[in-house]
Amino acid sequence: MPRSPKKARRLVADGLTYLWTVRHGHRVLEDGGCRKTLLLRRLPSGTGGMLRFVFDEGPGRYVSGFTTGSGEVGAVGVGALNLHEPGTVRVLLDTALARGWDPQERREAKVDGWAFLEAAVAGRARATSSACSTPGPV
């Protein structure tokens, strides 16, 4: 039986445990455009804040919908990511940590996901190429 897309998933990174979810929504009060949100929160509850990546569609930017995969976000000339892949979540988390997000801070941090896209696409490409080029047992 497939995993429920609404159920939070677990990620362990650098000795810390996070739960993460991906949501699709619409900007009702603005132009009605689509939005993807990736939310990470620390476990156990109360040990840190939440990190919310928001991807709003706009000129040259898209979020998944009718014609694309369910967790896909992308920008023309930059590339695309699937927010349902744990490797994507990990590279976005690592990028946020490198830019100063503190997982111990107990308040929510909401960031523009597009500001992280280029670094995350590059990070995923490095991870994929190193995994493919690592020789296996002989």
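Residues numbered from 1 in each chain as written. Predicted model: local features only at pLDDT ≥ 70, side-chain atom pairs only at ≥ 80, totals over all residues. Heavy atoms only, no water.

A.B. asks: Would you mind going over the pattern of salt bridges with me for this structure?
C.D. replies: Opposite charge on two side chains permits them to pair, given that their charged atoms come into close proximity. In this structure the tally under the stated criterion is six salt bridges. Two residues, Arg90 and Asp94, come together in a salt bridge whose shortest N-O distance is 2.9 Å. A residue pair is termed a helical-turn pair when its members lie 3 or 4 positions apart in one helix, as Arg90 and Asp94 do in helix 1 (residues 86–98) at four residues. Residue classification places Arg90 among the partly exposed positions, given a relative accessible area of 26%. You can call Asp94 partly exposed: its relative accessible area is 30%. With a closest N to O distance of 2.5 Å, Arg107 and Glu105 form a salt bridge. Each of the salt bridges in this network shares a partner with another, and the network as a whole consists of Asp14, Arg90 and Asp94. (Salt bridge = Lys/Arg side-chain N within 4 Å of Asp/Glu carboxyl O. Helix = DSSP H or I, 4+ residues; strand = E, 2+ residues; numbered from the N terminus. Buried < 20%, exposed > 50% of the residue type's maximum accessible area, 1.4 Å probe, protein only.)

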